[in-house]
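# Results of the structural survey
So the chains spell out like this:
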Amino acid sequence: MSSIVLKSIRKSWGDVDALHAIDLRIDSGTFCVLLGPSGCGKSTTLRIIAGLEGASGGQVLIDGADVTDRPPSARGISMVFQNYALFPHLSVAENIGFGLSVRKVPAAEARARVQEAAALLGLQALLERKPSQLSGGQQQRVALGRALVARAKVCLMDEPLSNLDAQLRQEMRRELRELQRALGLTVVYVTHDQAEAMSMADQVVLLNRGRIEQAGTAQALYLRPATTFAARFVGTPPMNLLRLDEGRIAGSNYDTGLAAATLGIRPESIVLDPSGIPALVDSTEYLGADRVLHCRIGSESLLVRTDGRQPAEAGQQLGLRWSPQDAHGFDAQGARID
Ligand code: ADP
Ligand code: MG
């Protein structure tokens, strides 16, 4: 088993506090995604789990053991980075097996492990090639192979797919997820891409300015965002946030009946209904399957996601409707009200 527990992990550089008391439990064999905007502390958290960075306070437990003071090599982890830095003068086989020769694993066993990793990743036919003779996706697989031959049960990945084009990234997400399940790995995966997080994670940990904003399944974050930050970060287009003035949508007569400072409503939860709340279309965006309408109610702007076949144009008056269970209330500090 290989669970990971962070207890009150803090990190400061001089007077910059990068992490404030992070408490987190990652169950063995699960795929955990650290998600958040640039600079929120994702890489710092990952590097502290790896032991590449020391914490300013708190503890790291792997598989129940306190590893806070252990070097990376004694933590039973492997790592994959964004710039996977393969050695250009070594073959694919030598790149995959590099860590094993450094660790003095006997040659016969090292060969067997390289073969096994290559088979898992579909690289058998490419073992004699140099990295420059591989596509981006194949290079990424070699970097993964390097992590897999270590046979560590915990694999830490920092934006490993961000150098790949959109289609390949999608394929690799699926491959990675299958590999993680098949090998029973505990993966901690860093990304700033919410779609990537939603599609891969058992557990999403959303970070904001060095704090955990919300942690849970992708569905939990989507269906019940804990804060306005989480509401805007997860889902595309993001959730609409409308200012309320004593329950009325600001600048309008429409009373929501909510005792909240802000009404959150997802663009895909709104339907067109002539007898609904009057709204003005400011502009429209055609996306093929969908059309996104930029609308206004009173002084508040909101997006409405409709069928791409739905005709709509700027300047048009529409009626909008949504179900009460799709309305999210937030207080003046941005915290969810239930
Ligand atoms: P992310 O990976 O989410 O983009 P990081 O974990 O790299 O964010 O950084 C979190 C914060 O810590 C940022 O404000 C960053 O500038 C700061 N930081 C990261 N590494 C260092 C460092 N070596 N020295 C000083 N500040 C750092
Ligand atoms: Mg980073």
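Just so it is clear, the structure is predicted and the values come from calculations on it, not from any experiment.

What follows concerns the packing of aromatic side chains. All chains considered together, the criterion is met by four aromatic pairs. Ring geometry for F87 and F98: centres 4.5 Å apart, planes at 50°, overall tilted. Remark: F98 occurs in helix α2 (residues 92-102) and F87 occurs in the loop between β6 (77-80) and α2; sequence separation between them is eleven residues. Residue F87 is classed as partly exposed on the basis of its relative accessible area of 28%. Using a relative accessible area of 34% as the deciding quantity, one classes F98 as partly exposed. It is K11 that lies over the ring of W13; its NZ or CZ is 5.1 Å from the centre. For the cation-ring pair, R266 lies above Y222, with the distance from its terminal atom to the ring centre recorded as 4.2 Å.

If you walk across this open sheet you meet the four strands as β2-β1-β4-β5, and the pairing is antiparallel. Bordering the open sheet on either side are β2 (16-26) and β5 (65-66), each of which pairs with just one other strand. Bridge count for strand β1 (residues 4-13) against strand β4 (residues 57-62) is five bridges, and the pairing is antiparallel. Bridge pairing in β4 links I4 to I62. With respect to the sheet, helix α1 (residues 42-50) is in contact with β1, β2 and β4, its orientation differing from that of β1 by roughly 120°.

Attention shifts here to the layout of surface pockets. Approximately 700 Å³ is the volume attributed to the largest pocket. The wall of the largest pocket is formed by 23 residues, among which I77, S78, M79, R103 and R146 lie closest to the centre. Of all the secondary-structure elements, those providing two or more residues to the lining of the largest pocket are β6, α2 and α4 (136-148). By residue class, the composition of the lining of the largest pocket is 17 nonpolar, four polar and two charged. Here the second largest pocket is characterised by a volume of approximately 260 Å³. Lining the second largest pocket are 13 residues, and of these A93, E94, G97, R111 and V114 lie nearest its centre. Breaking the lining of the second largest pocket down by element, the ones donating at least two residues are α2 and α3 (107-121). For the lining of the second largest pocket, the residue count by class is seven nonpolar, three polar and three charged.

Counting buried positions over the nine residues of α1 gives seven, a clear majority of the element. For α1, the complete set of buried residues consists of K42, T44, T45, L46, I48, I49 and A50.

This part takes up the site of ligand 1. Taken together, W13, A18, P37, S38, G39, C40, G41, K42, S43 and T44 make up all the residues around ligand 1. In the model, an oxygen atom of ligand 1 is placed 2.7 Å from a nitrogen or oxygen of the G39 main chain. Interatomic distance of 3.0 Å between a backbone N/O atom of G41 and an oxygen atom of ligand 1. In terms of residues, the shell around ligand 1 owes the most to one element, α1, which gives three residues. Residues belonging to the shell around ligand 1 are distributed by class as follows: four nonpolar, five polar and one charged.

What follows is about the domain arrangement of the chain. As far as domains go, the chain holds domain 1 (4-229) and domain 2 (237-337). If you average the C-alpha positions of domain 1 and of domain 2, the two centres end up 38 Å apart. Taken together, the contact pairs eight residues of domain 1 with nine residues of domain 2. Buried area between domain 1 and domain 2, both sides added, is near 700 Å², and the carbon and sulfur share of it is 53%.

Turning our eyes to something else, we now look at the sheet that holds strand β13 (residues 262-265). Pairing is antiparallel across the open sheet formed by five strands, whose spatial order is β12-β11-β13-β18-β19. Because the sheet does not close on itself, it has two edges, and the strands there are β12 (248-249) and β19 (336-337). One ladder, built from four bridges, connects strand β11 (residues 240-245) with β13; its direction is antiparallel. Bridge pairing in β13 links L241 to G264.

What follows covers unusual backbone geometry. Here T236 and P237 are connected by a cis peptide whose omega angle stands at -15°. Looking at the element boundaries, P237 is found in the loop between α8 (228-233) and β11. Backbone geometry places K104, a non-glycine residue, at a positive phi of 60°. Turning to its location among the elements, K104 is positioned in the loop between α2 and α3. You will see that E159, though not glycine, has its phi angle at about 45°, which is positive. For E159, the position within the fold is in the loop between β7 (154-158) and α5 (166-183). Residue classification places E159 among the buried positions, given a relative accessible area of 12%.

Thresholds applied
What you see as residue numbers is a count from 1 along each chain, following the sequence as written. Both sets of labels track the order of writing: A upward for chains, 1 upward for ligands. Side-chain atom pairs in this predicted model are given and counted only at pLDDT of 80 or more, local residue features only at pLDDT of at least 70, and totals for whole chains, interfaces and linings cover all residues. The side-chain quantities take in all heavy atoms of the structure and omit both hydrogens and water. Here a Phe, Tyr or Trp ring, Trp counted by its six-membered ring, pairs with any other such ring whose centre lies within 6.5 Å, and the pair is stacked when the planes are under 30 degrees apart, edge-to-face when over 60, and tilted otherwise. Where helices and strands are cited, they refer to DSSP runs of H or I of at least four residues and of E of at least two residues respectively, numbered from the N terminus. Think of it in three bands: residues with accessible area under 20% of the maximum for their type are buried, residues over 50% are exposed, and the middle band is partly exposed, with areas taken using a 1.4 Å probe on protein chains only. Consider the ring centre and the ring normal. A charge sits over the ring if Lys NZ or Arg CZ is within 6 Å of that centre and within 35 degrees of that normal. One requirement defines pairing of two strands: DSSP has to find at least two bridges between them. The contact criterion used throughout is that any non-hydrogen atoms of two residues lie within 4.5 Å. Helix axes use the C-alpha atoms of the stretch in contact, all axes being lines fitted to C-alpha atoms, and the angles between their N-to-C directions lie in the range 0 to 180 degrees. Method remark: on a 1 Å grid restricted to protein atoms, a set of points is classed as a cavity if a 1.4 Å probe fits but cannot get out and as a pocket if it is open with protein on both sides within 12 Å along at least five of seven lines; lining residues have an atom within 4 Å of a point. Grid points are joined across faces, edges and corners, and a volume is the space filled by probe spheres set on the points. For this classification, the nonpolar set comprises Ala, Val, Leu, Ile, Met, Phe, Trp, Tyr, Cys and Pro, the charged set comprises Asp, Glu, Lys and Arg, and every other residue, Gly included, is treated as polar. If even one non-hydrogen atom of a residue comes within 4 Å of a molecule or strand, that residue is called near it. Polar contact is the term for a pair of N or O atoms within 3.5 Å; when the atoms are in protein, one must be able to donate a hydrogen and the other to accept it, and sequence-neighboring residues count only if both atoms are side-chain atoms. Boundary definitions for the domains trace back to an automatic or database domain assignment. Summed over both partners, buried area is the accessible surface (1.4 Å probe) that two parts give up on being assembled.

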